[in-house]
Amino acid sequence: MGEAVNDLRTLKYVAEIVRRLAKMLSRTRYQMLVYFLEMTAVEADSLAAEQDRDRHHENKAPRN
């Protein structure tokens, strides 16, 4: 699972699926689970954005 966690597409997919699940559950009494899922989606988006920034910085690094 090490590589999957680092894959930008996987992180974005996880965020999307978790948000859909949270939206479905928000109409029920599982508010703590909804909060956990929303925070998971936020973290996945954050990791994806960080990886995306890192990739852009690597591509723009000066070559000697």
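Calculation criteria
- Within each chain, residues carry numbers counting from 1 in the order of the written sequence.
- Reporting of local features is limited, given that this is a predicted model, to residues whose pLDDT is at least 70; pairs of side-chain atoms are given and counted only at 80 or more, and all residues count toward the totals for whole chains, interfaces and linings.
- Water and hydrogen atoms were dropped before computing side-chain values, which therefore reflect all heavy atoms in the structure.
- Secondary structure counts use DSSP, requiring at least four H or I residues in a row for a helix and at least two E residues in a row for a strand, with both numbered from the N terminus.
- Exposed residues in this analysis have more than 50% of their type's maximum accessible area, buried residues have under 20%, and partly exposed residues fall in between, with area computed by a 1.4 Å probe over protein chains only.
- The predictor attaches a confidence to each residue, and that confidence, scored 0 to 100, is pLDDT.
- The set of buried Ala, Val, Leu, Ile, Met, Phe, Trp, Tyr and Cys residues whose side-chain atoms join them within 4.5 Å is what this entry labels a nonpolar core.
- A contact between two residues is defined here by any heavy atoms of the two lying within 4.5 Å.

**Structural notes on the overall build of the chain**
Summing up its helical and strand segments, the chain has three helices and zero strands in all. The N-to-C order of helical and strand elements in the chain reads α-α-α. When each of the 64 residues of the chain is scored for burial, the buried share is 19%.

**Thoughts on the confidence of the model for the chain**
Low-pLDDT stretches of the model should not have their predicted coordinates read in fine detail. Per-chain confidence: the chain averages 78 in pLDDT, with 84% of residues scoring 70 or above. Taking the mean pLDDT of every element in the chain, the minimum, 57, falls on helix α1 (residues 2-6) and the maximum, 84, on helix α2 (residues 8-25).

**Re the nonpolar core**
Among the nonpolar cores identified, the biggest contains eight residues, and these are Ala15, Val18, Ala22, Leu25, Val34, Leu37, Ala41 and Ala44. Within the residue set of this core, elements represented by two or more residues are α2 and α3 (31-60). Not counting residues within four places of it along the chain, the set of residues in contact with Leu25 comprises Tyr30, Leu33, Val34 and Leu37.

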